[in-house]
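Now for the letters of each chain:
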Amino acid sequence: MVPPTPISIPHFVETQLQLLLLEHEAEVSSSSLATTAASVSPATRRTLQATGYALTGLVLSQCRTGLGGRVVGEFAPDPAVSSGKSDDNRASGGQPRLGSHGIRVGDVVRVNDVSAGNAKKIGKDKGKDSGAKDKGGPEGVVTRVNDKAIWIAFGQQGKGGGTSKEDDEAIEELWGRSCGHGIFMLYSMRQTMEKMAKMTESDHSHFMRVAFGHTTPLEPDYEDIGAVEFSDPTLNDSQKDAIRFALASKDIALIHGPPGTGKTHTIIELIIQMVQRNKRILVCGPSNISVDNIVERLAPKKVPVVRVGHPARLLPSVLEHSLEVLTQTSDAASIVKDVRKEIDEKQASIRKTRTGRERRAIYDDLKQLRKEFRERESKCVDNLVRESSVAVATLHGAGGHQLKNQKFDVVIIDEASQALEAQCWIPLISAEKVILAGDHLQLPPTVKSTNLKSKQGADKKDDGSTKEILKGVSLERTLFDRLLSLHGSEIKRMLTTQYRMHERIMRFPSDELYESKLMAGDAVKSRLLADLPYETQGTDDTQEPLVFWDTQGGDFPEKAEDKEIGQKEALLGESKSNEMEAMVVARHVDNLVKAGIKPEDIAVITPYNGQLSVLSQMLREKYPGLELGSVDGFQGREKEAVVVSLVRSNAEHEVGFLGEKRRLNVAMTRPKRHLCICGDSDTISRGSSFLKHWMNYLEENADLRYPDASDLL
């Protein structure tokens, strides 16, 4: 094997930071075009408020003590400025409602004083970050959000928990300020990249050197793992092979899981095998739902597992494994309960003080109590995590102080193909062995800055010198994809038996994208809608797995949504729709439902939001149980029947982003028993060789139908 070309880690990090900045700018710009909000000053703050990256006009209504000895502040809209607003801006009970925003539980934020349009800093300057110009102000993590208030635990995640003396003083200043507070989002990915930038070569782990091509992966040692006795008798040969490979690998293993191949099922068995070998494992994913799914499946296996993350974002079924819940319900909880109560009482008494001397005395007491609280709770948290063989967290949550001093033998990232690489490095920066599971042939994470005009050549540094953008690095290119390109298929094992799709639905993506290696499981390869476990009629639709409504001929033209001049057009582009094709889709859905198929077993998806709007007007009210969505939003999902509207039909044979084979791969691999494609083969087949092959496959293998436009009107 040819040695990989090494990538400069500092250069890579510098490029990632530039790309993350561009992405943030794109998010702010695109969101500000679609959102209206009360304007605030200065301009940057106004933009952040409008785009959901900030909230202003808030007051600190109360404080309590939370996990890690942190002060948890509740911020609510200031009644003084909310009193004149309409009932639409009021929550239940007549209380003012928070404005529209995108701040969520787990976000790292900073609270600044933005009263009277000034730029007064609260607390010490904390350096770079946030899109706002204002620096300083206490930083914290959002722990709870509803329409009336937002709760922030001060003491930034990853800095050991608790609040510093400076934060105590800054929080004191927050009390009593009317309409003076703004909450601004910060970004942990950038913090991780900056940490990597400061590392010297001697700080780089073996895995990091492998990840950037400075050394090659070590050979897997199958003798070291011995015979593997699988606990799950349903595993197929490709799943067993992937598990053995991951166990034997010394530094990196990729588990490639095409649609329906039981990737998560395989990961669960892999975790069990590692626990049996006395390994400690950190399992991460890009979303709460992805990692909660792991906890749900591990819990019945009696694996000691702890879920790191705030309970507000967790599925109810995994709450009992939540670290925060365990610190309040475990035997060790009583150790910290009394101190927490005393801190809360002291905190509440601050508002009753009359002099600065009284306040300073209370803050001195609070400082000592919080120190004692942190020591006791830190020991409690540390013990809970250490006693668990498996810790589970989102990629963002893996940077929290709860895991700061923990050492893991293996880091597993599920859905690694849907995570930004900068996200992945949050848990990987000190990892020794890494297992990534995903499918790089489906859609990567959504990146809004892709459509911005790329910067050519080099960017100017602050000192006037230049810095070049590293070629081949983009936010859309995931760590999974990059490692595979860097080291080849020797570090990967693919799962080859799929348990979702009828064989005829599966065959084209298998041949075109998965080297013809996919096989349909016996239970799914010939099942049809007619075989559903409820009464259906035997029709041309329920007895046919693959249908193609070919709209070629010019009677089903696409339409570009009304263009809006200026920046909006540049950023959002045109959304396409095709009303006549939507009628074909609606007719097909009608026929499925008339044949007895339940609407909740059907999904209608399309790549274009314009078409989604048209389809929603036709179908949503008629079939409330029917699922309507975009192709991108349906990744990871499945339905018994899926109808896909391709939309594009024009004399120029332009297909736009339908040329992205990963998007079409998602579209054609969602159904279990029935896939219906609606589109113009003449236009679509001219888009690329992949699209031409697909149209040829449908013409030869699908039930080919030609709609009559006059029958639809």
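Fair warning: this is a prediction, and the values are worked out from it, not measured in the lab.

1. Describing the environment of cysteine 63
Here comes step 1: With respect to the secondary-structure elements, cysteine 63 resides in strand β1 (residues 54–65).
Here comes step 2: Here the alpha-carbon distance between cysteine 63 and tryptophan 151, two residues 88 residues apart in the chain, equals 9.1 Å.

2. Quick word on the sheet that holds strand β21 (residues 602–606)
Strand pairing in a sheet relies on backbone hydrogen bonds. The paired strands run either parallel or antiparallel.
Here comes step 1: Here we have six strands laid out as an open sheet, ordered β22-β21-β23-β24-β18-β25, and parallel in their pairing. Edge positions in the sheet fall to β22 (627–630) and β25 (703–705), since each of these pairs with one other strand and no more. Ignoring strand direction, the axes of neighbouring strands in this sheet form an average angle of 20°.
Here comes step 2: Where helix α16 (residues 503–513) meets the sheet, its contacts fall on β18 (546–550) and β24 (671–679), and the angle it forms with β24 comes to roughly 65°.

3. Quick look at the pairing of β18
Here comes step 1: The buried fraction of β18 is high, at five of five residues.
Here comes step 2: By the alternation rule, side chains of β18 split into Leu546, Phe548 and Asp550 and Val547 and Trp549, which are all buried.
Here comes step 3: Where β18 and β24 come together, five bridges link them in parallel fashion. What sits directly across from tryptophan 549, in β24, is cysteine 678.
Here comes step 4: Pairing of β18 with β25, which is carried by three bridges, proceeds in the parallel orientation. What sits directly across from tryptophan 549, in β25, is arginine 705.

4. Thoughts on the confidence of the model for the protein
One rule of thumb: low pLDDT means the predicted coordinates there are not for detailed reading.
Here comes step 1: Averaged over all residues, the pLDDT of the protein equals 82, while 78% of them reach at least 70.
Here comes step 2: Confidence drops under pLDDT 50 across residues 116–135; counting only partners more than four residues distant or on other chains, this segment forms 56 contacts.

5. Details of helix α8 (residues 237–248)
Here comes step 1: Look at α8: 16 Å from first C-alpha to last across twelve residues, which is about the 16 Å you get at 1.5 Å a residue.
Here comes step 2: Among the residues making up α8, those that are buried are Ser238, Gln239, Ala242, Ile243, Phe245, Ala246, Leu247 and Ala248.
Here comes step 3: Turning to α8, the residues buried within the fold contact α7 (222–225), β7 (252–256), α9 (263–276), β12 (434–438), β15 (492–494) and β16 (497–498).

6. Let's talk about the nonpolar core
Here comes step 1: Met196, Phe212, Ile252, Ile413, Trp425, Leu428 and Leu436 are the most contacted members of the largest nonpolar core, which has 55 residues in total.
Here comes step 2: By size, the runner-up hydrophobic cluster in this structure holds 39 residues, among which are Leu443, Met494, Val642 and Val655.

7. Focus on the packing of α16 against helix α20 (residues 661–668)
Here comes step 1: Put simply, α16 and α20 touch, their axes get as near as 10 Å, and they point 155° apart. With respect to α20, the element α16 is oriented roughly antiparallel. Two packed elements cross with a definite hand, and for α16 against α20 that hand is left-handed. Where α16 approaches α20, its residues Ile505, Phe508, Pro509 and Leu513 are matched on the opposing element by Lys661, Asn665 and Met668.
Here comes step 2: For the contact of α16 with α20, the per-class residue count stands at five nonpolar, one polar and one charged.

Calculation rules
Residues numbered from 1 in each chain as written. Predicted model: local features only at pLDDT ≥ 70, side-chain atom pairs only at ≥ 80, totals over all residues. Heavy atoms only, no water. Helix = DSSP H or I, 4+ residues; strand = E, 2+ residues; numbered from the N terminus. Pairing = 2+ DSSP bridges. Axes fitted to C-alpha atoms, helices over the stretch in contact; angles between N-to-C directions. Contact = heavy atoms within 4.5 Å. Buried < 20%, exposed > 50% of the residue type's maximum accessible area, 1.4 Å probe, protein only. pLDDT = per-residue confidence, 0-100. Expected span 1.5 Å × (residues − 1). Core = buried A, V, L, I, M, F, W, Y, C linked by side-chain atoms within 4.5 Å. Parallel < 35°, antiparallel > 145°, perpendicular 65-115°, else oblique. Left-handed = near helix turned anticlockwise from the far one by under 90°. Nonpolar A, V, L, I, M, F, W, Y, C, P; charged D, E, K, R; others polar.

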